Amino acid sequence: GPGDVYKRQGILSADEVLNLFSKKFLIAKSTYSDKSLREVKVFPSRRSYQDKVYWGGAAIIFVADVKLRIARDNLYSMDKLLIDFKECCAHRKTVWSGKEIFDEFDRLSQTRIFSTLYRDFVELANFADVGSAFYSLGYETNKFAKKIQHETIYPSVRDAIFKGSK
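Residues numbered from 1 in each chain as written. Predicted model: local features only at pLDDT ≥ 70, side-chain atom pairs only at ≥ 80, totals over all residues. Heavy atoms only, no water.

1. Comments concerning the overall build of the protein
Part 1: The secondary structure content of the protein amounts to 9 helices and 2 strands.
Part 2: Order of helices (α) and strands (β) in the protein, N terminus to C terminus: α-α-α-α-α-α-α-α-β-β-α.
Part 3: Per-residue burial for the protein yields a buried fraction of 43% across its 166 residues.
Part 4: Pairs at least 24 residues apart make up 55% of the contacts formed inside the protein by residues separated by at least 6 positions. (Helix = DSSP H or I, 4+ residues; strand = E, 2+ residues; numbered from the N terminus. Buried < 20%, exposed > 50% of the residue type's maximum accessible area, 1.4 Å probe, protein only. Contact = heavy atoms within 4.5 Å.)

Here is the structure:
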């Protein structure tokens, strides 16, 4: 996501990335809160559409990255999954649906993380559980994420995400 790019380029600190994610996720969550990401696409000319779809999608990928890193002892991440997808699969089709991509991500990662997130947060009018993902990384969230509030059993996952190691 953009926060990750900004962090890796040294434009934002880890705390600034955390705050950016948290604020944007909150905006996306409150925008068209009664509509799924799939339903919102009928309003493409509105800025709020962009917030909902872009940051709602970024929230899903953030949650997926945390879950994937935890499930694979931080040895596999979205970074590596995207490389694997590009190398093995991206060339097979010129247009992929979100569901097709997430199903392929499940196959490559040997998990059900992506299809579950797709069902729960693209097809239904729910928002990805970024609070649990932040908490897993040792951050407490109310309206906005705060600095580390508690110890986490996943410090290497937190550091990899917010300090930019892959």
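Still more to cover.
2. Here's the deal with the packing of aromatic side chains
Part 1: The final tally for this structure, using the stated rule, is 14 aromatic pairs.
Part 2: Joined through ring pairs, the aromatic side chains of F21, F25, Y54, W55, F62 and F134 make up one cluster.
Part 3: Sitting above the plane of the W96 ring, K93 keeps its charged end 5.6 Å from the centroid. (Phe/Tyr/Trp six-rings, centres within 6.5 Å; stacked < 30°, edge-to-face > 60°. Lys NZ or Arg CZ within 6 Å of the ring centre and 35° of its normal.)

3. Regarding unusual backbone geometry
Part 1: Of note, the phi angle at N74 is positive, near 65°, even though the residue is not glycine.
Part 2: Along the chain, N74 turns up in the loop between α4 (47-71) and α5 (78-88).
Part 3: With relative accessibility at 17%, the residue N74 sits in the buried group.
Part 4: Of note, the phi angle at Q110 is positive, near 55°, even though the residue is not glycine.
Part 5: With respect to the helices, strands and loops of the structure, Q110 is situated in the loop between α6 (98-109) and α7 (113-123).
Part 6: Relative accessible area serves as the criterion here: at 68%, Q110 is assigned to the exposed category.

4. As for the pattern of salt bridges
Part 1: Under the criterion given, the structure shown has 9 salt bridges.
Part 2: Across the pair E104 and R107 runs a salt bridge whose closest N-O atoms are separated by 2.5 Å. Within this pair, E104 and its partner R107 are both found in helix α6, separated by 3 residues, close to a single helical turn.
Part 3: Accessibility expressed as a relative area gives 9% for E104, which makes it buried.
Part 4: Residue R107 is classed as partly exposed on the basis of its relative accessible area, which comes to 47%.
Part 5: Here the salt bridges do not stand alone but share partners, grouping D65, R69 and D79 into one network. (Salt bridge = Lys/Arg side-chain N within 4 Å of Asp/Glu carboxyl O.)

5. Some details on the side chain of N74
Part 1: There is a polar contact of 3.1 Å between the side chain of N74 and the backbone oxygen of S156.
Part 2: The contact partners of N74, leaving out residues within four places of it in the chain, are R69, S156, V157 and A160. (Polar contact = N/O pair within 3.5 Å; in protein donor to acceptor, adjacent residues only side chain to side chain.)

6. A short note on the packing of α6 against α7
Part 1: Packing of α6 against α7 leaves a shortest axis separation of 7 Å and a crossing angle of 155°. One way to sum up the angle between α6 and α7 is to call them roughly antiparallel. Between α6, through G98, K99, F102, D103, F105, D106 and S109, and α7, the contact on the second element is made entirely by I113, F114, S115, Y118 and E123.
Part 2: In terms of residue class, the contact of α6 with α7 is built from 5 nonpolar, 3 polar and 4 charged. (Axes fitted to C-alpha atoms, helices over the stretch in contact; angles between N-to-C directions. Parallel < 35°, antiparallel > 145°, perpendicular 65-115°, else oblique. Nonpolar A, V, L, I, M, F, W, Y, C, P; charged D, E, K, R; others polar.)

7. Structural notes on the nonpolar core
Part 1: With 41 residues, the main nonpolar core has F25, F62, F114, F134 and F162 as its most contacted residues.
Part 2: Among the secondary structure elements, those contributing two or more residues to this core are α2 (14-30), α4, α5, α6, α7, α8 (130-136) and α9 (155-162).
Part 3: Looking at this core, the element that brings in the most residues is α4, giving 9 residues.
Part 4: When near neighbours in sequence (up to four residues on either side) are disregarded, F62 contacts F21, F25, V130, A133, F134, L137, I161 and F162. (Core = buried A, V, L, I, M, F, W, Y, C linked by side-chain atoms within 4.5 Å.)

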